[in-house]
Amino acid sequence: MIAEPVLLWGAAIAISATVVVPYAIQFRRRIAHDRERKAEASALGIDKPSAQFPYIDPARCIGCGACVRVCPEGDVLGIVGGTAVVVNGLRCVGHARCEEACPVGAIEVGLGDMKSRADVPLLDANYQTSVPGIYVVGELGGLSLVRNAVKQGREVMRNIQPSGAGLDVAIIGAGPAGLSAALEAAARGLSYVVLEKEATLGGSLLHYPRRKMVLLQPVQLAEGVTLDRDEYQKERLLEMFESLVARHALEVRFSSPVERIERDGDAFLVNDLRARNVVLALGRRGSPRKLGIPGEELPKVMYRLMDAESYRDTRVLVVGGGDSAVEAAIGLALQPGNRVTLSYRREKLVRIKKKNEDAFAKMLATGRIETLFNSQPLSIDETAVRLQIGEEIRELPNDYVFVFAGGVPPFDLLKKAGVAFGA
């Protein structure tokens, strides 16, 4: 009779030793790791809301970690003190999967305080700027992702009523936001035109490398038209957009850069067009930001990578620390004979997607990519690049330089039209 309880206690102890104790140790390590990450993020200033951002209600959060597990960007969130906290706010791109996964509704993904940002136009709840009749949709308004751009493009048209006379709206930009706005305008009977500076549509997608997978999430592009996958290859997505333009006979004018937006009575002059409303779906890229160093005008210096496979047996320097730079470095390092170096002005990469971070780490571990942190290119010539690395100046043998230092957004156009920005 005594043996049976003893056996049960023994079994319980064995289960505790093999299951509960290891789990408890792992749990404590994770908590300690998240606490360290939070402290580091606070020191770097990357845990503050600057654009899209997950707002957590600590009174409702139960610390289950569901939000941490579903975030595709890796380390945006963590658990500290039994509550979800933002660790790396700069990595949040607005997927909102954390919001969907939270079992108690403690998370809402929205925008940070745009009034403190000089690089984001001030908008009301209907995406209207400080100038009545001028609207901003897509990433120019501070919120990333194709899904968000598509949603805003559709919603903004619901604020515009058909007049029956003249052009109701001029849509500037034929990326996802501009195309969804045009589809909604056509469905609502608005008179519209889309002006696109490039010779084809796609907006920021055009600058993505070939065969890049675009993170999307299912979204309704127009009535009866849904993009139902989490990811699309760049070329496939552009083909779908082209098909929609043809099928719905959308009024898109290519190679039509907008040089002015001026008030003209109760309407606006957009180049030589007169429209009652203007929807800016321009994106944030604008023209590439340059380094401003000697030799940057050489043909070996480029600002986007379209086809990594065409570069082989070359010495390549990639400048930048964002996803575009990392993806270019990885793509080039995969080609036979390439020697790839990444130069970044900060001490570590803090803004890249989790998928890119993992792939980049593998390249570093196998020696396929060399990193030069705390470095800055000083000059470029035909065969080398001179860099400042801390206190040292180093000359690096080189055949090609790819610069991914971001873009110069089209803010001048907006400011000349009277649009107010934060800060």
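Everything discussed here concerns the structure shown above.
Quick caveat: nothing in here was measured; it's all calculated off a predicted structure.

1. Looking at the overall build of the protein chain
Of the regular secondary structure elements, the protein chain holds nine helices and 25 strands. Scored against the burial criterion, the 423 residues of the protein chain give a buried share of 48%. Contacts in the protein chain between residues far apart in sequence, at least 24 positions, make up 66% of those at least 6 positions apart. For the protein chain, the exposed surface amounts to about 20700 Å²; the carbon and sulfur share of it is 53%.

2. Some details on the side chain of T129
Within the element layout of this structure, T129 appears in the loop between β4 (107-111) and β5 (134-136). Residue class for T129 comes out buried when judged on its relative accessible area of 7%. Separated by 3.1 Å, the side chain of T129 and the backbone nitrogen of V131 make a polar contact. When neighbours within four sequence positions are excluded, T129 is seen to be in contact with L122, L123, I134, Y135, V136 and V419.

3. Quick look at the sheet that holds strand β23 (residues 392-397)
In space, the three strands of this open sheet follow the order β21-β22-β23, with antiparallel pairing throughout. Both outer strands of the open sheet, β21 (375-380) and β23, are each paired with one neighbouring strand and no more. Across this sheet, the average inter-strand angle for adjacent strands is 30 degrees, counted without regard to direction. Both strand β22 (residues 384-389) and β23 contribute to a ladder of six bridges, which runs antiparallel. Note on β23: the bridge partner recorded for L387 is R394.

4. Some thoughts on the pairing of β21
Bridge analysis of β21 against β22 gives five bridges, and the strand direction is antiparallel. Directly across from Q376, in β22, lies its bridge partner Q388. Remark: three residues form the turn of the hairpin made by β21 and β22, two consecutive strands paired antiparallel.

5. Remarks on the pattern of salt bridges
Summed over all chains, the structure comprises 11 salt bridges. Here R276 makes a salt bridge to D168, at a shortest N to O gap of 3.1 Å. Of this pair, R276 sits in strand β15 (residues 273-280) while D168 sits in strand β6 (residues 167-172); the two residues are 108 residues apart in sequence, bridging distant segments of the chain. When its relative accessible area of 28% is taken as the criterion, R276 is described as partly exposed. Residues R274 and D266 are paired through a salt bridge, measuring 3.1 Å at the closest nitrogen-oxygen approach. One connected set of salt bridges, linked through shared partners, spans R154, R158 and E184.

6. Thoughts on the nonpolar core
Most often, soluble globular proteins keep nonpolar side chains buried together rather than apart. Membership of the largest hydrophobic core comes to 38 residues, with the highest contact counts inside it found for M157, I171, Y192, F241, L250 and V279. If you list the elements that add at least two residues to this core, you get α4 (146-157), β6, α5 (176-187), β7 (192-195), β9 (219-222), β10 (225-227) and α6 (234-247). Every residue in contact with F241, bar those within four places of it in the chain, is listed here: P176, L179, L201, L205, L221 and L227.

7. Looking at the sheet that holds strand β17 (residues 301-302)
Sheet architecture is open: five strands sit in the order β17-β24-β18-β19-β20, paired in parallel fashion. Of all the strands in the sheet, just β17 and β20 (369-373) have a single pairing partner and so form its edges. Here five bridges tie strand β19 (residues 339-344) to β20, and the two strands are oriented parallel to one another. When the sheet's bridge partners are listed, T341 is paired in β20 with E370.

8. Overview of unusual backbone geometry
For D313, which is not glycine, the phi dihedral falls at a positive 55 degrees. Summarising the element assignment, D313 is placed in the loop between β17 and β18 (315-319). In this structure, N374 takes a positive phi of about 55 degrees despite not being glycine. One can find N374 in the loop between β20 and β21. Given the relative accessible area of 42%, N374 is considered partly exposed.

9. Structural notes on the packing of helix α7 (residues 323-333) against helix α8 (residues 354-365)
At a closest axis distance of 10 Å, the pairing of α7 and α8 adopts a crossing angle of 40 degrees. Taken together, the axes of α7 and α8 lie oblique to each other. Between α7 and α8 the crossing geometry is left-handed. Of the residues in α8, those in contact with D323, V326, E327, A329, I330 and A333 of α7 are N356, A359, F360 and M363. Its residues assigned to classes, the contact of α7 with α8 comprises seven nonpolar, one polar and two charged.

10. Some details on α7
When you tally the buried positions in α7, you get 10 out of 11 residues, the bulk of the element. Within the span of α7, buried status applies to D323, A325, V326, E327, A328, A329, I330, G331, L332 and A333. On its buried side, α7 packs onto β18, β19, α8, β20 and β24 (400-403).

11. Quick notes on the environment of S379
Here S379 shows up in strand β21. A residue is classified by how much of its surface remains accessible, and S379, at 16% relative accessible area, is buried. Separated by 86 residues in the primary sequence, S379 and I293 place their C-alpha atoms 5.5 Å from one another.

12. Details of the pairing of strand β3 (residues 83-86)
Burial along β3 is two-sided: the face carrying T83 and V85 and the face carrying A84 and V86 are both buried. Between the end of strand β2 (residues 77-80) and the start of β3, which pair antiparallel, lie two residues, with G81 showing a positive phi angle near 65 degrees.

13. Details of the packing of α4 against α5
Where α4 contacts α5, the two axes come as close as 7 Å, and the packing angle between them is 30 degrees. Seen along the crossing, α4 lies across α5 with a hand that is right-handed. On α5, the residues touching V146, A149, V150, G153, R154 and M157 of α4 are P176, A177, S180, A181, E184 and A185. Within the contact of α4 with α5, the residues separate by chemical class into eight nonpolar, two polar and two charged.

Parameters at a glance
- Residues numbered from 1 in each chain as written.
- Predicted model: local features only at pLDDT ≥ 70, side-chain atom pairs only at ≥ 80, totals over all residues.
- Heavy atoms only, no water.
- Helix = DSSP H or I, 4+ residues; strand = E, 2+ residues; numbered from the N terminus.
- Buried < 20%, exposed > 50% of the residue type's maximum accessible area, 1.4 Å probe, protein only.
- Contact = heavy atoms within 4.5 Å.
- Areas by Shrake-Rupley, 256 points an atom, 1.4 Å probe, with all protein chains shown as cover.
- Polar contact = N/O pair within 3.5 Å; in protein donor to acceptor, adjacent residues only side chain to side chain.
- Pairing = 2+ DSSP bridges.
- Axes fitted to C-alpha atoms, helices over the stretch in contact; angles between N-to-C directions.
- Salt bridge = Lys/Arg side-chain N within 4 Å of Asp/Glu carboxyl O.
- Core = buried A, V, L, I, M, F, W, Y, C linked by side-chain atoms within 4.5 Å.
- Parallel < 35°, antiparallel > 145°, perpendicular 65-115°, else oblique.
- Left-handed = near helix turned anticlockwise from the far one by under 90°.
- Nonpolar A, V, L, I, M, F, W, Y, C, P; charged D, E, K, R; others polar.

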